[in-house]
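# A structural walkthrough
Below, each chain spelled out in residue letters.
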Amino acid sequence: MPQKLALLGGKPIRKRPYRRYITIGPEEKKAAMEVLDRGALSEFVGDWSDAFNGGRYVRMFEAAWAKRFGFRHAVSVNSATSGLYAAVGALGLGPGDEMLVPPFTMTASAAAALVYGAVPIFVDIEPDYFCIDPDAIEKAITPRTKAIMVVHITGQPADMERIMTIARKHRLKVIEDCAQVAGATLNGRPVGSFGDIGVFSLNCHKTIQTGEGGVAVTDDDQLALRLKLIRNHGEYAVQGMPEVKDLTNIVGFNYRLGELEAAIGIEQLKKLERFTRPRIELARELDEGLARIPGVTPPPVRPGARHVYYMYGIRFDGDAIGVSRDLLVKALQAEGVEISAGSCVPLYLEPLYQRRVGIGRDGHPWSCPSYKGTVSYRKGICPNAERLHFREMATTQVLRHGHSRDVEVREFLDAFEKVWDNLSELKRLDNAQQGVAARA
Ligand SMILES: *Cc1c(COP(=O)(O)O)cnc(C)c1O
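Once a new chain begins, its residue numbering starts again from 1 and follows that chain's sequence as written. Local features in this predicted model are restricted to residues whose pLDDT is 70 or higher, and side-chain atom pairs enter the listing and the counts only when it is 80 or higher, whereas totals over whole chains, interfaces and linings include all residues. Calculation of side-chain values draws on the structure's entire complement of heavy atoms; hydrogens and water are dropped beforehand.

### Points about the state of the cysteines
When the sulfur atoms of two cysteines come within 2.5 Å, that pair is taken as a disulfide. Inspection of every chain in the model, using the stated rule, returns zero disulfides. Sulfur of Cys 178: no disulfide; nearest cysteine sulfur belongs to Cys 131 and is 11 Å away. With relative accessibility at 0%, the residue Cys 178 sits in the buried group. Cys 131 provides the cysteine sulfur closest to Cys 344, a residue in no disulfide bond, and the two sulfurs are 11 Å apart. Given the relative accessible area of 12%, Cys 344 is considered buried. We call a residue buried when its accessible area falls under 20% of the maximum for its residue type, exposed when it is over 50%, and partly exposed in between, using a 1.4 Å probe and counting protein chains only.

Right, here's the structure in full:
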């Protein structure tokens with residue numbers, strides 16, 4: 001007799017909630033105290049002076065980030081969202097332009113185009129690696145395409161070699177959304193170093209964090225300057241900078257990072273490897289364990305890539321298993337392990353795109369006279385993203401550092417085995433539920 005599922009009133013495998021994910025230690029506390037003792041929580045000034053580039057810790061943090069990954073410039077910002085907006089602005093996108101972007105990502109990757117009056121064009125993802133599909137990129141290019149927003153999703157690098165070949169051929173700008181992949185590499189090169197600008201996130205959910213924060217990186221001096229102008233009231237600062245000729249998109253924001261966050265960021269960066277390596281080791285354990293579960297596919301790693309497992313994405317073949325993904329995930333959750341159905345609702349299904357209410361009341365940027373294209377956001381335009389989110393994929397963060405092979409990962413795999421021992425019962429339940437749904 002298999003053990004009774006927690007979903008059906010049995011005892012769950014894991015009874016306690018997970019500990020909160022904490023990355024902050026005595027080093028960060030000491031760094032923060034240094035800033036407080038100094039009393040300068042920010043040293044930015046929004047005009048063209050030495051203070052235009054921020055204070056002591058902001059500069060130290062930027063230098064450390066650039067050195068760690070080998071970038072010529074690292075420009076800190078108060079979030080990756082700000083960094084993505086600044087990147088689109090710095091690259092000169094505007095009304096009439098299209099930006100290709102996968103729909104399987106956090107909302108800011110696409111909203112960055114709207115902020116500058118450009119139109120996001122959603123491009124489907126690879127069914128196995130979940131990143132933007134180079135073949136789909138080629139098909140989506142029009143005379144209006146100006147840039148590609150690549151997103152390295154779940155910790156897996158996108159197919160940058162092919163994407164850059166396409167971008168060069170069509171003279172497109174490339175932004176890499178690296179929010180989930182600090183420490184990832186492809187063919188030995190760090191993510192963020194392939195395109196024109198890369199953007200990392202330091203929000204509290206990411207592997208290393210400053211609460212809120214981000215970093216935009218580039219090897220191009222001019223782009224670095226434009227990023228800094230957008231970060232810090234550029235329209236005002238350029239008065240003192242006669243050498244800046246191109247004023248497009250220099251209307252600036254306040255995207256400045258504080259000194260406390262920068263000081264904490266310096267310490268967090270030192271810990272990146274310490275937090276990442278155990279995730280990769282635990283991923284190998286999960287790969288092995290899940291490979292024994294029929295109908296389940298662990299996430300493959302792209303050849304040449306270092307996947308850093310911000311998340312671990314599992315695919316369920318519901319037809320082969322005979323039970324829907326949603327019910328399987330519910331049964332696993334009832335066993336007390338951390339897993340959720342789906343990952344990202346494909347962005348074009350958001351009300352923003354369905355109703356096309358963006359900037360102002362008149363449907364900009366889609367209705368803008370400069371925009372000569374037509375774009376579809378109907379259901380079905382990105383079948384891989386929809387199938388993965390609505391039917392096949394589940395994600396877990398059970399690989400967070402601090403978790404162990406013998407406890408959290410063991411429980412996770414035990415939960416799968418227990419649920420799979422009870423498949424016949426779940427099939428009955430699923431059929432009954434689908435019957436109810438069909439009659440409703
Ligand atoms: C977290 C995240 C962002 C936004 O990061 P913030 O720092 O919270 O603004 C953008 N893109 C992706 C893929 C993310 O995961």
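That covers the picture; the talk isn't over yet.
### Section: a nonpolar patch on the surface
Exposure above 30% relative accessible area and no salt bridge define the residues that can form patches, which grow by joining like charges within 9 Å and nonpolar side chains of Val, Leu, Ile, Met, Phe, Trp and Tyr within 5 Å. Computed with a 1.4 Å probe, the accessible areas rest on the Shrake-Rupley method; for each residue, only the protein chains presented here act as cover. Any carboxyl oxygen of Asp or Glu within 4 Å of a side-chain nitrogen of Lys or Arg constitutes a salt bridge here. Residues Met 33, Leu 36 and Leu 41 make up a contiguous nonpolar surface patch of about 270 Å² in total accessible area. Note on placement: Leu 36 falls in helix α1 (residues 26-38). Helix and strand assignments follow DSSP, with helices taken as H or I runs no shorter than four residues and strands as E runs no shorter than two, numbered in order from the N terminus.

### Some details on helix α6 (residues 160-170)
Every buried residue of α6 is listed here: Met 160, Ile 163, Met 164, Ile 166 and Ala 167. Buried residues along α6 cover an arc of 160 degrees about the axis, so they all sit on one side. What points out from α6, more than 90 degrees from its buried face, is the exposed set Arg 168 and Lys 169. What makes two residues a contact is simply this: any of their non-hydrogen atoms within 4.5 Å. Structurally, α6 contributes buried residues whose contacts are with α5 (134-140), β4 (145-151), β5 (173-177) and β6 (185-186). Within two residues after α6, Arg 171 carries a phi angle of roughly 55 degrees, on the positive side. Regarding the arc, it is the one traced by the directions from the helix axis to the C-beta atoms.

### Considerations on the site of the ligand
Here a residue is considered near a molecule or strand provided that any single heavy atom belonging to it is located within 4 Å of it. Residues in close proximity to the ligand total 14 residues, the closest being Thr 81, Asp 177, Ser 201, Asn 203 and Lys 206. N or O atoms closer than or at 3.5 Å make up a polar contact, with two conditions inside protein: a donor-capable atom paired with an acceptor-capable one, and, for residues adjacent in sequence, both atoms drawn from side chains. Here an oxygen atom of the ligand sits 2.8 Å away from a polar atom, N or O, in the main chain of Ala 80. Residues that form the shell around the ligand fall into these classes: four nonpolar, eight polar and two charged. Ten residue types, Ala, Val, Leu, Ile, Met, Phe, Trp, Tyr, Cys and Pro, are classed as nonpolar, four, Asp, Glu, Lys and Arg, as charged, and the remainder, Gly among them, as polar.

### Quick look at the packing of aromatic side chains
Any Phe, Tyr or Trp ring, taking Trp's six-membered ring, that has another such ring centre within 6.5 Å forms a pair; planes under 30 degrees apart are called stacked, those over 60 apart edge-to-face, and the others tilted. This structure, assessed with the given rule, holds 20 aromatic pairs. Here Trp 65 and Phe 200 contribute two aromatic rings whose centre-to-centre distance is 5.3 Å and whose plane-to-plane angle is 65 degrees, an arrangement assigned as edge-to-face. Pair noted here: Trp 65 is in helix α2 (residues 56-69) and Phe 200 is in strand β8 (residues 197-201), with a separation of 135 residues, a long-range link. The same class applies to Trp 65 as to Phe 200, namely buried. Relative to Tyr 377, the ring of Phe 122 lies with its centre 5.6 Å away and its plane at 65 degrees, an arrangement referred to as edge-to-face. Of the two residues, Phe 122 is situated in strand β3 (residues 119-122) and Tyr 377 in the loop between α12 (351-355) and α13 (383-392); the sequence distance between them amounts to 255 residues. For the pair formed by Phe 122 and Tyr 377, the shared burial category is buried. Here the aromatic cluster, defined as three or more aromatic residues joined through ring pairs, consists of Phe 61, Trp 65, Phe 69, Phe 71 and Phe 200. To sit over a ring, a charge needs its Lys NZ or Arg CZ within 6 Å of the ring centre and within 35 degrees of the ring normal. The side chain of Arg 14 reaches across the aromatic face of Tyr 18, ending 4.2 Å from its centre. It is Arg 189 that lies over the ring of Phe 194; its NZ or CZ is 4.2 Å from the centre.

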